[in-house]
Amino acid sequence: MTKPARFLTFKCAKCAKPVKVTLQKVSACSHIQPYQGICECGEIKRHATGNPDAVKSFVESNELNWHHHH
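Presented here is an overview of the structure given in this document.

Quick notes on the rules
- Residues numbered from 1 in each chain as written.
- Predicted model: local features only at pLDDT ≥ 70, side-chain atom pairs only at ≥ 80, totals over all residues.
- Heavy atoms only, no water.
- Helix = DSSP H or I, 4+ residues; strand = E, 2+ residues; numbered from the N terminus.
- Contact = heavy atoms within 4.5 Å.
- Areas by Shrake-Rupley, 256 points an atom, 1.4 Å probe, with all protein chains shown as cover.
- Core = buried A, V, L, I, M, F, W, Y, C linked by side-chain atoms within 4.5 Å.
- Buried < 20%, exposed > 50% of the residue type's maximum accessible area, 1.4 Å probe, protein only.
- Patch = residues over 30% accessible without salt bridge, like charges linked within 9 Å, V, L, I, M, F, W, Y side chains within 5 Å.
- Salt bridge = Lys/Arg side-chain N within 4 Å of Asp/Glu carboxyl O.
- Pairing = 2+ DSSP bridges.
- Axes fitted to C-alpha atoms, helices over the stretch in contact; angles between N-to-C directions.

## A look at the overall build of the protein
Part 1: Of regular secondary structure, the protein possesses one helix and four strands.
Part 2: Each helix and strand of the protein, placed in order from N terminus to C terminus, yields the pattern β-β-β-β-α.
Part 3: For the protein, long-range pairs separated by at least 24 residues make up 24% of all intrachain contacts whose partners lie at least 6 apart in sequence.
Part 4: Entry remark: accessible area of the protein is about 5300 Å², with carbon and sulfur atoms responsible for 53%.

As structure tokens, then:
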């Protein structure tokens, strides 16, 4: 399995500027690879790949220190 990219860039939903998200440190769990970044306008951008339920939980979460539970 290939390693996920450390950085990804998305368009901010609020101001349309590019926002760089960084792969977050997670446990040895391979169910999710969460990314997070903050746009210049202050909007938090979250993205993740992996298990659909874990991805939904992360993207909808407002927790800065979110972590995946089994």
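On we go from here.
## A look at the nonpolar core
Part 1: Judged by nonpolar contacts, Ile 32, Ala 48, Ala 54, Val 55, Phe 58 and Trp 66 together constitute the single largest core of six residues.
Part 2: At three residues, helix H1 (residues 52–60) tops the list of elements feeding residues into this core.
Part 3: When sequence neighbours within four positions are dropped, the list of residues in contact with Trp 66 reads Ile 32, Arg 46, Ala 54, Ser 57, Phe 58 and Ser 61.

## Remarks on a nonpolar patch on the surface
Part 1: Together, Ile 38, Ile 44 and Leu 64 make up a nonpolar patch on the protein surface, roughly 300 Å² of accessible area in all.
Part 2: By the element assignment, Leu 64 lies in the segment after H1.
Part 3: Taking the relative accessible area as the measure of exposure, Leu 64 reaches 56% and is therefore exposed.

## Focus on the sheet that holds strand E4 (residues 44–50)
Part 1: Pairing is antiparallel in the open sheet, where four strands are placed in the order E1-E2-E3-E4. Of all the strands in the sheet, just strand E1 (7–11) and E4 have a single pairing partner and so form its edges. Here the average twist between neighbouring strands, direction ignored, is 30°.
Part 2: Sheet topology note: the E1/strand E2 (residues 18–23) ladder contains five bridges and is antiparallel. Within E2, the residue paired with Phe 7 across the bridge is Thr 22.
Part 3: Against the sheet, H1 contacts strand E3 (32–38) and E4, and its axis sits at roughly 175° relative to E4.

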